[in-house]
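# Summary of the model geometry
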Amino acid sequence: MKIISARPDDVTKLLAFREEAAAWLTRLGSDQWQRPYPADRLLATIEAGSVFMVVDGGVTAATITLTPDVEDGLWTEQELGEPSTFVTKLTVARTHAGQNLGGHLLNWAGDKAYRTGAKWLRLDAWTTNEALQRYYLRQGFAHVRTVREGGAVNGGPRVSGWLAQRPTAPADHGFEDNT
């Protein structure tokens, strides 16, 4: 499998990818990602070079966004002063579930962040999705705190405030990195 940078013409594909994940989460009883993500925000992150896709042949198997930017009100000024890369919108296609693709992608992200000088790989997860939180703990992340104050970037109250981090490190992730 290869990792490539997303292109502006991938916006529609990535929004559909997210809708597929939201439908699956709904079937699991989660309210995660029920509000549509703004296409203009996704396009801006793609144009910034922050969105990556795992492709398996001609199929998009997963996506991840890595950014030095973070939503206001989540991390303290001291934490923001530490070199960090933030993971958002990690999504694996249902066709590729059960292969630890997400774990390998997090290892790739930690390796990429390490190579750019980041000390931490950080994320904010859905506050009510305890299964997702346990997943990140199994992936070596440590829970920092949960933030409930503030608003979501796509409207409504903050819903993604479970903060976690793990140190960056070189990793053998198993992907062909074409970024």
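Our subject is the structure that appears above.
The paragraphs below set out a description of the structure included in this document.

Rules used throughout
Residues numbered from 1 in each chain as written. Predicted model: local features only at pLDDT ≥ 70, side-chain atom pairs only at ≥ 80, totals over all residues. Heavy atoms only, no water. Salt bridge = Lys/Arg side-chain N within 4 Å of Asp/Glu carboxyl O. Buried < 20%, exposed > 50% of the residue type's maximum accessible area, 1.4 Å probe, protein only. Helix = DSSP H or I, 4+ residues; strand = E, 2+ residues; numbered from the N terminus. Core = buried A, V, L, I, M, F, W, Y, C linked by side-chain atoms within 4.5 Å. Contact = heavy atoms within 4.5 Å. Pairing = 2+ DSSP bridges. Axes fitted to C-alpha atoms, helices over the stretch in contact; angles between N-to-C directions. Phe/Tyr/Trp six-rings, centres within 6.5 Å; stacked < 30°, edge-to-face > 60°. Polar contact = N/O pair within 3.5 Å; in protein donor to acceptor, adjacent residues only side chain to side chain.

Applying the stated criterion across every chain, the model contains 6 salt bridges. Asp10 serves as the salt-bridge partner of Lys13, at 3.7 Å between the closest nitrogen and oxygen. With a relative accessible area of 2%, Asp10 lands in the buried category. Residue Asp111 is joined to Arg115 by a salt bridge in which the shortest nitrogen-to-oxygen separation is 2.8 Å. Residue Asp111 and its partner Arg115 are located together in helix 4 (residues 101-115), separated by 4 residues, close to a single helical turn. For Asp111, a relative accessible area of 5% puts it in the buried group. With relative accessibility at 61%, the residue Arg115 sits in the exposed group.

Bringing the nonpolar core into the picture now. Residues Val54, Ile64, Val87, Leu105, Trp108, Leu123 and Tyr136 are the most contacted members of the largest nonpolar core, which totals 27 residues. Only strand 2 (51-56), strand 3 (59-67), strand 4 (84-92), helix 4, strand 5 (120-125), helix 5 (130-138) and strand 7 (162-167) provide two or more residues apiece to this core. No other element matches helix 4, which puts 6 residues into this core. When neighbours within four sequence positions are excluded, Val54 is seen to be in contact with Met1, Lys2, Ile3, Val59, Thr60, Ala61, Ala62, Leu101, Leu105 and Phe175.

Right, let's get into unusual backbone geometry. The phi angle at Lys89 is positive, at roughly 55 degrees, despite the residue not being glycine. Counting through the fold element by element, Lys89 comes out in strand 4.

Turning our attention to the pairing of strand 7. Summarising burial for strand 7: 5 of the 6 residues are buried, a large majority. Here 4 bridges tie strand 6 (residues 142-146) to strand 7, and the two strands are oriented antiparallel to one another. Each residue of the ladder has a partner; that of Thr146, found in strand 7, is Trp162.

Below, the discussion takes up the sheet that holds strand 6. Overall, mixed pairing links the 8 strands, which are arranged 6-7-5-4-3-2-1-8 in an open sheet. With partners counted over all chains shown, the strands left at the sheet margins are strand 6 and strand 8 (176-177), one partner each. In the packing of helix 4 onto the sheet, contacts are made with strand 1 (2-5), strand 2, strand 3, strand 4, strand 5, strand 7 and strand 8, and the angle to strand 3 comes to roughly 35 degrees.

Bringing the packing of aromatic side chains into the picture now. Applying the stated criterion across every chain, the model contains 4 aromatic pairs. Look at Tyr135 and Tyr136: their rings are 5.5 Å apart centre to centre, the planes differ by 65 degrees, and that puts the pair in the edge-to-face class. Accessibility classification places Tyr135 together with Tyr136 in one group, the buried group. By the ring-pair criterion, three or more aromatic residues cluster together here, those being Tyr135, Tyr136 and Phe141.

Next up on the list: the side chain of Thr91. As for its placement among the helices and strands, Thr91 is situated in strand 4. Only 3.2 Å separates the side chain of Thr91 from the backbone oxygen of Lys89, close enough to count as a polar contact.

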